Amino acid sequence: MTDLRSLPSVEHLLQAPEIKGWTGAFGRPLTVDAIRSVLDEVRAQYQAGSPLPDQASLIRRVGACLEDWTAPTLRPVINATGVVLHTNLGRSPLSRDAARAVVETALGYSTLEYDLKKGKRGSRLVHAEALLCRLTGAEGALVVNNNAGAVLLVLAGLARRRAVVVARSQLVEIGGGFRVPDVMKQSGARLLEVGTTNRVHLDDYEQALEEAPALILHAHRSNFRIVGFTSEPPLADIARVAHQANVPLVDDLGSGSLLDTARYGLEHEPLVTESLAAGCDLVCFSGDKLLGGPQAGIIVGRADLISRLKKHPLARALRADKLCLAALSATLLHYLKDEAEAKIPIWQMLSASPEQIRRRAEAWCRGIDQGEVIPGESTVGGGSLPGETLPTYLLALSVPHSNRFLDRLRQANPPLIARLQNDRVVLDPRTVLEDQDDQVLQILQTALRSG
Ligand SMILES: *Cc1c(COP(=O)(O)O)cnc(C)c1O
C-alpha cells in the first residue's frame, strides 16, 4: 500500500471472514472499536514514516487488540514459592466445600436477608455468627469486609473523639497502608501511647486508665519481632486493670488462628479462644489468614459491644457480601466438624510432612529428568508468624538464564510462580495443590524445551 487512501475502511474490514468471527465472539461494538484503534495507529505510524501494513497484518493487529482488551487480569496461578499465605497471590485458597457454597449462592437467590420460618425479612448478620460463637465461645460476632475494616469499625464505633490506649511497641504497620496510628486518625479516635518501643509495663496502662480512655487496643505483631530487652504484661493482667476501670480491652489479632500452630512445628500463634479467655472484650481477626477462608474481618466478643457496632453506619458500609458469607460459613463448618486439617488447603499445606513433600519434589524431578531435590524452608507469610519457617524439600534447577526462565514460567497458562535461591530456580511442592502436579510438569517441560 502506498498512501492512506489505500487503507481499507472499517466497513470493508468488517466483511473479512476472521473479523466476522470476532464480531460474534467479542460483539460488534468492541470489534469496531478495535478496528478504529488499529487504523488510527497505522495512520499515525504512516505520518511518522512507516510503510502501511497489508490487510492480513491489519486483521492480525485487530485480533491482538481484542485479545488484549478482554484478557482477564485476575487469573489463577500455581504458587510454587512455598509462602503459604502469599498476600500477592490471594492469601488463602478456599476448600472445595467453601468454593461450592460460593458457586451455589452466586448462581441463584439465597436467604441472605430472608427468614424462611417467618417468611419475611431476616438479617445477613446471622449466617456466620452462630458458628463463630459456637467455635470461640464468644457471646456475639460480626463479620465485615476485612480485618482492617473490623478495626476501623471498632474504633469509630466505640472510641470516636475519645482516647484509645496503645503500647508504642504495637503501633504496627501491616502493609498495604494499614498503620494503627492512621486507622486511629480515620476513626476519629485519639491515640494515647504508652510504654516505649521495646517495653510496656502494667503501670503504664494503669496510669493511662486514669485519663478515662474509651478502650485499650492490643495489636498483635503479625509481621515483625522485637527481641532483646523487651517486656509486655500478659493480656489477662491488662484485662484485669482495664475492667477495674470499666474500660474494654480490644485485641487485634490479625491472623486469629482457631488451630494451634505449635502442632505443626511452628511457634505458637495466639488463638482467638486464648484472647477471649484472657478477658479481651472484643477480638478482631482476618478470614483469609490462618482461618483459611475468604477475605473477611471478624469481630467476636461481648454481646453489648457487638450490638453497638452492628448499629453503626460504618457497619453497613463495610458489610460482607453473600459470597463471602457463604465461603466463611462453609470454612467455619470444617472447624466445627473437626476436619479443618483435612479439608482446608492452608492447613493441609502447613501440616504436610517433609517426607510427603520430598516424594512430590522427587516425582517432579523424575518427570522432567533434570535438577535435584534439596532441603529448604517454606514460610507462612500473610502477616503471620514472622521469621518462622517449616522444613521442606525443593526442586532446584540450574538453568543458563534463571531470571528469563522464571519469566517463561510466569508466561505459562496457568502462570507458575517460582523463586530464585543462590541463582537456582527453586520450586516448593508445599504450596502447590496436589491436583496441579501434572500442570507443573507440563509447564516445566515446555519451559525447558524452549530454553
Ligand atoms: C493482617 C492484619 C490486619 C489487616 O487485616 P486484613 O484482613 O488484611 O484487612 C490488621 N491487623 C493485624 C494485626 C494484621 O495482622
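Notes on the structure follow. (Residues numbered from 1 in each chain as written. Predicted model: local features only at pLDDT ≥ 70, side-chain atom pairs only at ≥ 80, totals over all residues. Heavy atoms only, no water.)

### Let's talk about the packing of aromatic side chains
So the rule is basically this: Each Phe, Tyr or Trp ring (for Trp, its six-membered ring) is paired with any other whose centre lies within 6.5 Å, and the angle between the two planes then decides the class: stacked below 30 degrees, edge-to-face above 60, tilted in between. Think of it this way: any DSSP run of H or I at least four residues long counts as a helix, any run of E at least two long counts as a strand, and we number them from the N terminus. Exposure is judged per residue with a 1.4 Å probe applied to protein chains only, and the accessible area is read against the type maximum: over 50% gives exposed, under 20% gives buried, and values in between give partly exposed. Consider the ring centre and the ring normal. A charge sits over the ring if Lys NZ or Arg CZ is within 6 Å of that centre and within 35 degrees of that normal.
For the coordinates displayed, the defined rule picks out one aromatic pair. For the ring pair Tyr 264 and Trp 347, a centre distance of 5.4 Å and an interplane angle of 40° mean the geometry is tilted. Here Trp 347 lies in helix H16 (residues 345-351) and Tyr 264 lies in the loop between strand E10 (249-254) and helix H11 (272-277), a separation of 83 residues in the sequence. For the pair formed by Tyr 264 and Trp 347, the shared burial category is buried. We note Arg 199 situated over the ring of Phe 229; from NZ or CZ to the ring centre the distance is 3.8 Å.

### Some points on the sheet that holds strand E16 (residues 419-421)
Heads up, the condition is: Two strands pair if DSSP finds at least two bridges between them. Every axis corresponds to a line fitted to the C-alpha atoms, with the helix fit spanning only the stretch in contact, and the corresponding angles, defined between N-to-C directions, vary from 0 to 180 degrees. The contact definition used throughout considers only heavy atoms, calling two residues in contact when any of these lie within 4.5 Å.
Overall, antiparallel pairing links the four strands, which are arranged E13-E14-E17-E16 in an open sheet. What marks the edges here is a single partner per strand, and that holds for strand E13 (372-379) and E16. Ignoring strand direction, the axes of neighbouring strands in this sheet form an average angle of 50°. Note: strand E14 (residues 389-397) against strand E17 (residues 424-427), three bridges, orientation antiparallel. Opposite Leu 397, over in E17, you have Val 425 as the bridge partner. Contacts from helix H17 (residues 354-368) reach E13, E14 and E17 within the one sheet, and its direction differs from that of E14 by about 5°.

### Regarding the pairing of strand E11 (residues 282-286)
Spelled out, the test is: When the strands point away from the viewer and the connection leading from the first strand across the helix to the second strand turns clockwise, the crossover is called right-handed.
By the criterion of burial, E11 is predominantly enclosed, with five of the five residues buried. Where burial is concerned, the two faces of E11 agree: the one with Leu 282, Cys 284 and Ser 286 and the one with Val 283 and Phe 285 are both buried. Relative to E11, E10 runs parallel, the two being bridged by four bridges. Bridged to Gly 254 within E11 is Phe 285. Viewed along the sheet, the connection from E10 through H11 into E11 turns out right-handed. Two elements, E11 and strand E12 (residues 297-301), share five bridges in a ladder whose sense is antiparallel.

### Topic: the environment of Ser 329
By the secondary structure assignment, Ser 329 is in helix H14 (residues 322-336). Through-space distance from the C-alpha of Ser 329 to that of Gly 293 is 8.9 Å; in sequence the pair is 36 residues apart.

### Here we look at unusual backbone geometry
Cis geometry marks the peptide bond from Asn 413 to Pro 414, where omega comes out at -5°. The topology assignment puts Pro 414 in the loop between helix H18 (402-411) and strand E15 (416-417). Positive phi outside glycine occurs at Asn 422, with the angle close to 50°. Mapped onto the secondary structure, Asn 422 falls in the loop between E16 and E17. Look at Asn 422 and you get exposed, because its relative accessible area is 71%. Positioned with a positive phi, Asp 423 is a non-glycine residue whose angle comes to about 70°. The residue Asp 423 is located in the loop between E16 and E17 in this model.

### Quick notes on the sheet that holds strand E4 (residues 140-144)
Pairing in this open sheet of seven strands is mixed, and the strands run E4-E12-E11-E10-E9-E5-E8 from one edge to the other. On the outer flanks of this sheet lie E4 and strand E8 (190-194), each paired with one strand and no other. Direction aside, the axes of adjacent strands within the sheet are offset by 20° on average. Sitting on the sheet, helix H12 (residues 303-311) touches E4, E11 and E12, and the angle it makes with E4 is about 30°.

### Section: the packing of helix H5 (residues 96-107) against H14
Between two packed helices, the angle of one axis relative to the other and the distance separating the axes together describe the packing. What counts, and what does not: In these notes the angle categories are as follows: under 35 degrees is roughly parallel, over 145 is roughly antiparallel, 65 to 115 is roughly perpendicular, and the rest is oblique. In this scheme the handedness of a crossing depends on how the near helix is turned from the far one: anticlockwise by less than a right angle means left-handed, clockwise means right-handed.
At a minimum axis separation of 8 Å, H5 and H14 run at an interaxial angle of 150°. When the axis of H5 is compared with that of H14, the two are roughly antiparallel. Helix-helix and strand crossings are classified by hand; for H5 and H14 the assignment is right-handed. Here Asp 97, Ala 98, Ala 101, Val 102, Thr 105 and Ala 106 of H5 come into contact with H14, specifically with Lys 322, Leu 323, Ala 326, Ala 327, Ala 330, Thr 331 and His 334.

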